[in-house]
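Now for the letters of each chain:
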Amino acid sequence: MKKTIKNFELKGKRVIIRVDFNVPLQDGVITDDSRIVKSLPTIRYAQEQGAKIILLSHLGRIKKEEDLAKYSLQEVASHLANLLNQTVYFSNQTRGKELEDAVQNLKEGEILLVQNTRYEDLDGKKESSNDQELASYWAKLGEIFINDAFATAHRSHASNVGIASILPSGIGLLMEKELTFLSSLQNPEHPFYVILGGSKVSDKIGVIQNLISKVDGLFIGGGMAFTFLKAKNISVGSSLVEDDFLPFCQNLLATYPEKILLPVDVHASCQMTQEGESRIIPIADIKDEEAAYDIGSQSISLYKEKLRDAATIFWNGPLGVYEIPKYQTATKELLDFITSQGKKVILGGGDIASAAVNLGYEEKVTYISTGGGATLEYLEGKELPAIQVIQDQ
Ligand code: ADP
Ligand code: MG
């Protein structure tokens, strides 16, 4: 067990909290503040305990001078101030006198947000390569380090791994929740089913390998279904196929013939648009020039039938090209089905998370993981460096 924020005496201490404020922006306006909202419990807890709070986060990627203005956290500071209904100090610097003075002036319960940690990437990728000198500079600003940014936990950066290896460290409340839900999948209540969609088999090989022995069924959809189908010598027209991964799929199908479920029909078209003519057909009827963009109605019924007795479901990757309304059907119908039955449903992955939120299922699922790559790496059984470095209880 890793130390959590609750294991520390925070009163009067300068506490650095690494948060995930990597929000989507359009023309400088925050289009979705859920990452900020999800950080509030940890920030509020630190406040109630009388900490002097220093927040660090990255935002986007900084490669050239022009990216600086584009990815300033200034707007996020104002937004956070509105959400908390109190002043949030903002340091435009990631190091220097202005920042150090702002830290020294903090009183108990006050909050300072530091400019985007990746400003330090402009000159030699110091943040992203976990530059030791930068990490010790930031560490000196605080006395305790709390990491609450799960989505970057698979990366070894100065603002997560670097500071944690210097200061007494713990995880925040959001990170704790992530680890509780994701680790429960290592020893789930059965029947345990995994629904896997998304575009590519190659992105998901590690997860498949780690979970296949634990699951009672693996339901495949999305683009990756067509590499599996082709591996069974079924013609899939112009659907997405990764030929290099045919042997992997053949091997898996041969080893676990009963566990893997594949679609029997598809929603196909000659063009990937909402307007293009499309049809729902058995896989055998797919023409060379057609590609499948969603699984079909018979497959949806088949999957529902088999998912009926599930106790635990983990789902990564949408079942179709959900960005186009008519190819959302399978994703929406299965979300609807599994959330109406009181089952434990955990979603992980950027696209399945945004599909669930956009389709109105955020409140209905048990948990939506906040990590994309970090969630997948965790489920592959890898140690995440930013968690590994945190002190044990
Ligand atoms: P997640 O972010 O949940 O891990 P992925 O990133 O692996 O999911 O995949 C999401 C992408 O997969 C979406 O952009 C979606 O359009 C695409 N996709 C789903 N089904 C298909 C399909 N049949 N053909 C091509 N792309 C697909
Ligand atoms: Mg994705």
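Keep in mind it's a predicted model, so treat the numbers as computed, not measured.

Trainee: Sorry, what's going on with the environment of arginine 279 here?
Mentor: Along the polypeptide, arginine 279 turns up in strand β13 (residues 278–282). Judged by its relative accessible area of 30%, arginine 279 falls in the partly exposed class. If we skip the residues at most four places from it in the chain, arginine 279 touches Val266, His267, Ala268, Asp285, Lys287 and Glu290. Side chain to side chain, arginine 279 and glutamate 290 meet in a polar contact 2.7 Å long.

Trainee: Explanation requested: the side chain of serine 72 in the structure shown.
Mentor: Summarising the element assignment, serine 72 is placed in the loop between α2 (65–70) and α3 (74–84). On the basis of relative accessibility, which here comes to 17%, the residue serine 72 falls in the buried class. A distance of 3.1 Å separates the side chain of serine 72 from the backbone nitrogen of glutamine 74, its partner in a polar contact. Every residue in contact with serine 72, bar those within four places of it in the chain, is listed here: Leu59, Phe90, Gln115 and Tyr119.

Trainee: Where do I start with helix α5 (residues 132–141) in this structure?
Mentor: In an α-helix, one full turn covers 3.6 residues, which means residues spaced three or four apart are oriented alike. Among all positions of α5, only Leu134, Ala135, Tyr137, Trp138, Ala139 and Leu141 are buried. Looking at the buried positions of α5, the neighbouring elements they touch are β1 (14–18), β4 (52–56), α4 (97–105) and α6 (158–164). Among the residues of α5, the N-terminal cap falls to aspartate 131, whose side-chain oxygen and the backbone nitrogen of glutamate 133 are separated by 3.3 Å.

Trainee: Explain unusual backbone geometry to me, please; I cannot follow it from the model alone.
Mentor: What you tend to see is this: most non-glycine residues have negative phi, and most peptide bonds are trans. Backbone torsion omega between histidine 190 and proline 191 reads -5°, so that peptide bond is classified as cis. Along the polypeptide, proline 191 turns up in the loop between α7 (173–184) and β9 (192–196). Although it is not a glycine, aspartate 27 sits at a positive phi angle of roughly 50°. Among the secondary structure elements, aspartate 27 is positioned in the loop between β2 (25–26) and β3 (29–30). The backbone phi angle of asparagine 85 is positive, close to 55°, even though this residue is not glycine. Judged by relative accessible area, asparagine 85 falls into the exposed class, the value being 70%.

Trainee: Sorry if this is basic, but what is going on with the environment of aspartate 123 here?
Mentor: Tracing the sequence through the fold places aspartate 123 in the loop between β6 (111–114) and α5. Separated by 49 residues in the primary sequence, aspartate 123 and glycine 172 have C-alpha atoms spaced 30 Å apart.

Trainee: Looking at this model, I keep getting lost on the site of ligand 1. Mind explaining?
Mentor: Around ligand 1 lies a shell of 19 residues, among which Lys204, Asn316, Glu323, Asp351 and Ile352 are the nearest. Residue serine 199 places a main-chain N or O atom 3.1 Å away from an oxygen atom belonging to ligand 1. Glycine 317 is positioned with one of its backbone polar atoms (N or O) 3.1 Å from an oxygen atom of ligand 1. Alone, ligand 1 offers 580 Å² of accessible surface; in the complex the protein occludes 84% of this. Counting residues per element, the ones that place at least two in the shell around ligand 1 are β14 (291–295) and α13 (350–358). Of the residues contributing to the shell around ligand 1, the split by class is seven nonpolar, nine polar and three charged.

Each value, and the rule that gives it
Residues numbered from 1 in each chain as written. Chains lettered and ligands numbered in written order. Predicted model: local features only at pLDDT ≥ 70, side-chain atom pairs only at ≥ 80, totals over all residues. Heavy atoms only, no water. Helix = DSSP H or I, 4+ residues; strand = E, 2+ residues; numbered from the N terminus. Buried < 20%, exposed > 50% of the residue type's maximum accessible area, 1.4 Å probe, protein only. Contact = heavy atoms within 4.5 Å. Polar contact = N/O pair within 3.5 Å; in protein donor to acceptor, adjacent residues only side chain to side chain. Near = heavy atom within 4 Å. Areas by Shrake-Rupley, 256 points an atom, 1.4 Å probe, with all protein chains shown as cover. Nonpolar A, V, L, I, M, F, W, Y, C, P; charged D, E, K, R; others polar.

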